[in-house]
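Chain and residue survey
So the chains spell out like this:
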Amino acid sequence: MDESPLDRTSVSHKPMTVVQPAVRDDLTVEGRTALIVPLDAGPVVDRWRLATDPTAPGVPAHVTVLVPFLELDRIDDSVTDWLSRLCAGIVAPEITLDDVRSFPTAVWLHPAESDFFVDLTTRVAARWPDHPPYEGQHAEVVPHLTVAHAPRMRDRVAAELAPTLPIRRRVDGVHLFAYTRGSWIDVRQFPFAG
């Protein structure tokens, strides 16, 4: 059996010297909201997120359901009631993060239960078709938990994550986050059944 590159890579525990990217303009719009499923992926993920993602101090590790969602001033009882009913009818599986992958701009963990997240996103986007996932910039919804906005460091991130995989976690529900007064805050939670 061939040895994988991860088997030959030693994990470095040196302090990170990654320069955080500038905050994307679309992430710092007053009243911008996002629906996410928080998922504690452990200290290695937290460390990389804090080093490379300017939103990490306010937003936990997560799989995105829909961003951008409705503007904060458009979220009323009819919106929150619909989301509450949707989530209350969903029994979430245990989520397994099983593989390190990358986009051109980020390194991420793949959830084995991607269909669960695609279905959730599809249902919410169908209710608010004027708010497609990622403003319709991508043809396909690819559920992911972003670890680092440092794609050139994929091998280092992968080497540090390899001993922790697979990561299995229960998820509690969908959370509504909003960017307001200069930071992202957890505005409301919509628990899953059970």
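Residues numbered from 1 in each chain as written. Predicted model: local features only at pLDDT ≥ 70, side-chain atom pairs only at ≥ 80, totals over all residues. Heavy atoms only, no water.

**Focus: the sheet that holds strand E6 (residues 167-169)**
Pairing within the open sheet is antiparallel, and its four strands lie in the order E5-E4-E3-E6. Each end of this open sheet is capped by a strand with a single partner; those strands are strand E5 (145-148) and E6. Mean inter-strand twist for the sheet, computed between neighbouring axes without regard to direction, equals 35°. Summarising the sheet, strand E4 (residues 107-111) and E5 pair through three bridges and their orientation is antiparallel. From the neighbouring strand, Trp108 faces E5, where its bridge partner is Thr146. Helix H5 (residues 154-161) rests against strand E3 (95-102), E4 and E5 of the sheet, and its axis sits at about 155° to E3. (Pairing = 2+ DSSP bridges. Helix = DSSP H or I, 4+ residues; strand = E, 2+ residues; numbered from the N terminus. Axes fitted to C-alpha atoms, helices over the stretch in contact; angles between N-to-C directions. Contact = heavy atoms within 4.5 Å.)

**Focus: the packing of helix H2 (residues 43-52) against H5**
For the pair H2 and H5, the least separation of the axes is 9 Å and the interaxial angle reads 155°. The angle between H2 and H5 places the two elements in the roughly antiparallel class. Here the hand of the crossing between H2 and H5 comes out right-handed. Taking contact as the criterion, the partners of Val44, Val45, Arg47 and Trp48 in H2 are, on H5, Arg156, Val157, Glu160 and Leu161. Here the contact of H2 with H5 is built from residues that sort into five nonpolar, no polar and three charged. (Parallel < 35°, antiparallel > 145°, perpendicular 65-115°, else oblique. Left-handed = near helix turned anticlockwise from the far one by under 90°. Nonpolar A, V, L, I, M, F, W, Y, C, P; charged D, E, K, R; others polar.)

**Considerations on the confidence of the model for the chain**
With 83% of its residues at a pLDDT of at least 70, the chain reaches an overall mean of 86. The model gives residues 1-25 a pLDDT under 50, and that stretch makes 31 contacts with residues more than four places away or in other chains. (pLDDT = per-residue confidence, 0-100.)

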